[in-house]
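Chain by chain, the residues:
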Amino acid sequence: MADSNASCSAATDPNGRRRQASSATQGECSTADPRAATKASESIASTSAMDGLPFRALSAMRREATRRPRAAGSPALAAASSRPMPDARTVLERCDLLAGCSEEPGRLTRGFATPSLDEARALVDAWMREAGLDTRRDPLGNLFGRRPGSGGRALMLGSHIDTVRDAGRYDGPLGVLVAIACVERLRGTDLPFALEVAAFADEEGVRYGTGYLGSSVPAGRFEEAWLERVDAGDVTLADAIRGWGGRPEEIGGGRVRPEELLGYAEVHIEQGPVLD
């Protein structure tokens with residue numbers, strides 16, 4: 001693994017400034033192979049049957065959140081009032097914690113398979129487990145948390161946890177943490193489908209020029225030739241995957257079949273280091 005001065009102590013912006021959003025994040029996919037440019041929202045959702053089920057699933061979640069309380073003393077009301085209900089503050093505080101996991105002091109940079117990304121992934125794994133999700137990692141190192149439902153198919157929510165150089169703290173992690181909060185709010189609620197939260201390990205392609213590398217694995221679009229790519233320290237992608245516990249020889253087994261999913265939804269913001 002290439003040397004990295006990882007630090008999880010310095011926040012991205014010590015002054016907490018959030019003034020300006022940028023749709024052109026620095027360095028994003030600047031050397032990406034265009035064949036790899038497949039966003040999770042396009043590559044995964046497009047493989048699902050377009051039968052309206054994802055929209056009905058999301059509507060069911062919205063109705064559950066806004067349903068009027070039942071009569072006092074009912075078991076359903078008691079369960080709802082006793083379970084934790086994370087709010088926006090919790091999500092933003094967790095974004096701040098992840099912003100402290102960086103390769104560079106004083107600014108946020110978190111590349112694929114680096115110690116800073118491993119630290120961020122461990123934090124997200126713990127939060128998924130707190131929300132009642134069973135976690136796993138695919139051969140690349142993407143992190144998934146799953147809550148079963150009465151049906152076999154899953155609605156996948158999530159985003160990525162790597163960053164560009166000098167990144168904004170909400171670009172990617174916000175979508176993962178909002179997804180975890182949604183699962184937490186639905187704790188104890190029976191759903192006719194499973195919920196799965198994805199934390200993709202590489203969207204930005206900063207280290208290997210492989211934009212959307214993470215989502216290419218479940219989408220079945222990962223190309224074996226990419227394993228021979230090298231970073232600035234001459235470390236191959238295959239060795240980087242092994243270095244943080246992945247299994248490059250099993251990448252093909254990480255594909256998600258279309259019939260396994262209802263759809264994919266992502267909360268996402270393209271952001272530079274300062275956001276208003």
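Located above this text is the structure these notes cover.
What you are looking at is a predicted structure, and each value in this text was computed from that prediction instead of being measured.

A.B. asks: I keep staring at the pairing of strand β4 (residues 194–200) and nothing clicks. Help me out?
C.D. replies: For a regular strand, the rule is simple: side chains alternate between the two faces of the sheet. In terms of residue burial, β4 counts as a mostly covered element, since 7 of its 7 residues are buried. Side chains A194, E196, A198 and F200 of β4 all project onto a buried face; the interleaved residues L195, V197 and A199 project onto the opposite face, where all are buried too. One ladder, built from 5 bridges, connects strand β2 (residues 143–147) with β4; its direction is antiparallel. In the strand pairing of β4, G145 is matched with V197. Sheet analysis places strand β3 (residues 154–160) next to β4, joined by 7 bridges and oriented parallel. Among the inter-strand pairings, L155 is bridged to a residue of β4, identified as L195. Following the chain from β3 across helix α6 (residues 173–185) to the adjacent parallel β4, one finds a crossover that is right-handed.

A.B. asks: What is the right way to read the pattern of salt bridges from this model?
C.D. replies: One side chain can pair with another of opposite charge once the charged atoms of both are near each other. The tally for this structure, following the rule as stated, stands at 14 salt bridges. Residues E184 and R187 are paired through a salt bridge, measuring 2.8 Å at the closest nitrogen-oxygen approach. Classification of E184 as buried rests on a relative accessible area of 7%. The exposure class of R187 is partly exposed, given its relative accessible area of 28%. Two residues, R242 and D239, come together in a salt bridge whose shortest N-O distance is 3.0 Å. Here the residue R242 and the residue D239 both occupy positions in helix α8 (residues 237–243), the gap between them amounting to 3 residues, near one helical turn. A residue is classified by how much of its surface remains accessible, and R242, at 47% relative accessible area, is partly exposed. A single network of salt bridges, built from pairs that share partners, joins D125, R129 and R137.

What counts, and at which threshold
- Residues numbered from 1 in each chain as written.
- Predicted model: local features only at pLDDT ≥ 70, side-chain atom pairs only at ≥ 80, totals over all residues.
- Heavy atoms only, no water.
- Buried < 20%, exposed > 50% of the residue type's maximum accessible area, 1.4 Å probe, protein only.
- Helix = DSSP H or I, 4+ residues; strand = E, 2+ residues; numbered from the N terminus.
- Pairing = 2+ DSSP bridges.
- Right-handed = clockwise from strand over helix to strand, strands pointing away.
- Salt bridge = Lys/Arg side-chain N within 4 Å of Asp/Glu carboxyl O.

So, to be careful, I would describe these as geometric facts and stop short of saying anything about function.
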